[in-house]
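Single-letter residue listing:
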2 protein chains.
Amino acid sequence: MIRNKTTEYALTILGFMATRNEDMYSAEYLHKQLNIPRRYLRRLLTDLSKHGFLKSTSGRNGGFVFARDLKEINLALVINTLEGYETLCTCILGFSCCIVDKPCIMHDTWMEARSKMVEILSNTTLADLKGKYQMDLIKKTLDGINTV
Amino acid sequence: MIRNKTTEYALTILGFMATRNEDMYSAEYLHKQLNIPRRYLRRLLTDLSKHGFLKSTSGRNGGFVFARDLKEINLALVINTLEGYETLCTCILGFSCCIVDKPCIMHDTWMEARSKMVEILSNTTLADLKGKYQMDLIKKTLDGINTV
DNA sequence: ATATATTACTACCTTTTTGTAGTATTTATT
DNA sequence: AATAAATACTACAAAAAGGTAGTAATATAT
Ligand code: FES
Ligand code: FES
């Protein structure tokens, strides 16, 4: 359930890349934009490539691009991939996974609290974020025209 | 956002104690019931006492009882107390806290996904858990009568 | 060809979290 | 008073997470 800073970084990176329109994103560029430690960022980027989210190009002018369509990457998938399988359906009392036939005391409460969240994360793709971001930009531009 | 095993342990302990009817819970008893490492459990119990959830009694026949009414302890409070202030309202991209006037790309999505969860956790007290647990017991007993 | 700008790999260091050990203190029982 | 059963305190050890360093490999530009 989003235990890692690494997952946060991954979401930052993918979210950032999804909402901009560069042809290619180098680690150095992302480092400068996002303030994620250089070396750690690099490693994470290769990880994200290995996990099939990004595609890397070595050598000069190299960098990272998305390996799949933005519509195919939802936030829950990113979290699950980075934190190991099924972290989004773990028991709140630390049992590795919620067991339906032997639920813990918190099970009902936790299921209810958690499921809505997981649903929204699963239904939000990077493409959706891009859409929202662009709408925001348009709004800001219009505000600028109206106020100045 | 429930990053710690320690928080899980705390919920396990408090949830367990809330749903039973012992006069007093010793660390040793809780250790045996809950399988939380002995020494770590002890420390956590004194922590929970310092935080005002429990009240400890030293010496022989000593142990822990609740320091407050179960109705006054909700799950969000436990999580916040154990993980430091306001972990339940952190930004999903790792900014220390969600800032309304400078939201991140994920803000809207995350707020929506998170708020429902926090709401439920805040509205569930240990007293509610006790109620649910007792209802479960009653149901199981009735089932037993019907099926056997 | 060489220099340069990039990713890839491996090993290590640091910090945080989790877990353990030893000893002191408290209190009921005998 | 002695014993036993409990918590309290402090320091340390182990494991996991986060972060760094050095070097190799790759590919473009000149
Ligand atoms: S079994 Fe614990 S939350 Fe489901
Ligand atoms: S600012 Fe990031 S989730 Fe609110």
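Attention in this report is confined to the structure presented alongside it. Computed from a predicted structure; not experimentally measured.

**Here we look at the pairing of strand β2 (residues 63–66) of chain A**
Residue and element names in this part refer to chain A.
Then step 1. Looking at chain direction, strand β1 (residues 54–57) and β2 are connected through four bridges and run antiparallel. Residue pairing across strands places Lys55 opposite Val65, the latter belonging to β2.
Then step 2. Hairpin connection of β1 to β2: five residues between the antiparallel strands, including Gly59 at a positive phi of 80°.

**Topic: the protein's contact with DNA strand D**
Then step 1. Taken together, the neighbourhood of DNA strand D is formed by 26 residues, with Lys5(A), Ala27(B), Arg42(B), Thr46(B) and Ser56(B) sitting nearest.
Then step 2. Within 4 Å of the protein, the atoms of DNA strand D are drawn from sugar and phosphate moieties in a proportion of 55%.
Then step 3. One of the side-chain nitrogen or oxygen atoms of Arg42(B) is found 2.7 Å away from a phosphate oxygen of DNA strand D.
Then step 4. Counting residues per element, the ones that place at least two in the surface near DNA strand D are α1 (5–19) and α3 (38–50) of chain A together with α3 (38–50), β1 (54–57) and β2 (63–66) of chain B.
Then step 5. Split by residue class, the surface near DNA strand D holds five nonpolar, 13 polar and eight charged.

**Quick look at the interface of chain B and chain A**
Then step 1. Each partner contributes to the interface: chain B provides 32 residues, whereas chain A provides 32 residues.
Then step 2. Taking both sides of the interface into account, the surface hidden between chain B and chain A amounts to around 2900 Å²; carbon and sulfur atoms contribute 69%.
Then step 3. Summed over the three residues of chain B that lose the most area to chain A, namely Arg3(B), Ile105(B) and Thr109(B), the buried surface amounts to 22% of that side.
Then step 4. At the junction of chain B with chain A, the criterion picks out zero salt bridges.
Then step 5. Those elements that place two or more of their residues in the side of chain B that touches chain A are α1 (5–19), α5 (107–123) and α6 (126–147) of chain B.
Then step 6. The element best represented in the side of chain B that touches chain A is α5(B), accounting for 10 residues.

**Details of α1(A)**
Then step 1. Counted at 1.5 Å a residue, the expected span for α1(A) with its 15 residues is 21 Å, and the 21 Å between its end C-alpha atoms agrees.
Then step 2. Burial of α1(A) is extensive: 13 of the 15 residues sit out of reach of the surface.

**Some points on the protein's contact with DNA strand C**
Then step 1. Surrounding DNA strand C, one finds 26 residues, the nearest of these being Arg42(A), Thr46(A), Ser56(A), Lys5(B) and Arg39(B).
Then step 2. At a separation of 3.3 Å, a phosphate oxygen of DNA strand C approaches a polar side-chain atom of Lys50(A).
Then step 3. In the environment of DNA strand C, a sugar or linking oxygen lies 3.3 Å from a nitrogen or oxygen atom belonging to the side chain of Asn61(B).
Then step 4. Among the residues forming the surface near DNA strand C, the class breakdown is five nonpolar, 13 polar and eight charged.

Conventions adopted
Residues numbered from 1 in each chain as written. Chains lettered and ligands numbered in written order. Predicted model: local features only at pLDDT ≥ 70, side-chain atom pairs only at ≥ 80, totals over all residues. Heavy atoms only, no water. Pairing = 2+ DSSP bridges. Helix = DSSP H or I, 4+ residues; strand = E, 2+ residues; numbered from the N terminus. Near = heavy atom within 4 Å. Polar contact = N/O pair within 3.5 Å; in protein donor to acceptor, adjacent residues only side chain to side chain. Nonpolar A, V, L, I, M, F, W, Y, C, P; charged D, E, K, R; others polar. Contact = heavy atoms within 4.5 Å. Buried area = accessible area lost by both parts, 1.4 Å probe. Salt bridge = Lys/Arg side-chain N within 4 Å of Asp/Glu carboxyl O. Expected span 1.5 Å × (residues − 1). Buried < 20%, exposed > 50% of the residue type's maximum accessible area, 1.4 Å probe, protein only.

Worth remembering: the numbers are spatial, not functional.
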